[in-house]
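Coordinates in review
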Amino acid sequence: MCSEMCSQPWIDAHPIRSVPFQSEINSYFGRFGFERMPAQPDAPMFYHSKLGLIAADAHDTNILRAADGDFAAIDVIVGPPGPSLCRELGLPENPVLVD
């Protein structure tokens, strides 16, 4: 099993609305080429077909609207989907990555 620890600088939350709407989160991930997957509405998941990666657990308490209005993904799980998740979502188990 492999794990990684990382850190990030402190992010000041937006003073009026620090929690984004799910539609804003969908647009945020869409800007980076991720597509919302239909599974698990309480723990939104996005898939990037060219990179073969998922971004999971992308709900409104794991995405922060910073003081400057930008979003910061905090505690979102990013990685390649395993075989059972690929079958569940109808994704290729061994995606061909595109440059």
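Before reading further, recall that the structure is shown in the block above.
What counts and how
- Residues numbered from 1 in each chain as written.
- Predicted model: local features only at pLDDT ≥ 70, side-chain atom pairs only at ≥ 80, totals over all residues.
- Heavy atoms only, no water.
- Buried < 20%, exposed > 50% of the residue type's maximum accessible area, 1.4 Å probe, protein only.
- Helix = DSSP H or I, 4+ residues; strand = E, 2+ residues; numbered from the N terminus.
- Arc of directions from axis to C-beta.
- Contact = heavy atoms within 4.5 Å.
- Polar contact = N/O pair within 3.5 Å; in protein donor to acceptor, adjacent residues only side chain to side chain.
- Pairing = 2+ DSSP bridges.
- Salt bridge = Lys/Arg side-chain N within 4 Å of Asp/Glu carboxyl O.

**Some thoughts on helix 1 (residues 22–31)**
- For helix 1, the full list of buried residues reads I25, Y28 and F29. Projected onto a plane normal to the axis of helix 1, the buried residues spread over an arc of 90° and lie on a single side.
- In this structure, the buried residues of helix 1 make contact with strand 2 (46–48), strand 3 (53–56), strand 4 (63–65) and strand 5 (71–73).
- Looking one or two residues past helix 1, G33 carries a phi angle of roughly 90°, positive in sign.

**Observations regarding unusual backbone geometry**
- In this model, D57 sits at a positive phi of 65°, which is unusual for a non-glycine residue.
- As for its placement among the helices and strands, D57 is situated in the loop between strand 3 and strand 4.
- The class for D57 is partly exposed, based on a relative accessible area of 23%.
- Positive phi, close to 65°, is recorded for D75, a residue that is not glycine.
- Among the secondary structure elements, D75 is positioned in the loop between strand 5 and strand 6 (77–79).

**What about the side chain of R65?**
- With respect to the helices and strands, R65 occurs in strand 4.
- Here the side chain of R65 touches E24 through a polar contact of 2.8 Å, side chain to side chain.
- Ignoring anything within four residues of it in the chain, the contact list for R65 reads A13, H14, R17, S18, V19, P20, F21, E24, D70 and F71.

**Concerning the environment of L91**
- Within the secondary structure, L91 sits in the segment after helix 2 (83–89).
- Separated by 44 residues in the primary sequence, L91 and Y47 have C-alpha atoms spaced 9.2 Å apart.
- Contacts of L91, omitting those with residues within four sequence positions, involve M37, Y47, P81 and C86.

**With respect to the pairing of strand 3**
- With three bridges connecting them, strand 2 and strand 3 associate as antiparallel partners. Within strand 3, the position partnered with F46 by the bridge is A55.
- Counting the residues in the hairpin turn of strand 2 and strand 3 gives four residues, including G52, whose phi is positive at 65°.
- Note that strand 3 and strand 6 share three bridges and pair antiparallel. By the bridge assignment for strand 6, I54 is matched with G79.

**Brief notes about the pattern of salt bridges**
- Counted by the stated rule, this structure contains one salt bridge.
- In this structure, the salt-bridge partner of E24 is R65, at a minimum N-O distance of 2.8 Å. Taken together, the positions of E24 in helix 1 and R65 in strand 4 put the pair 41 residues apart, joining distant regions of the chain.

So yeah, pure geometry; function would need other evidence.
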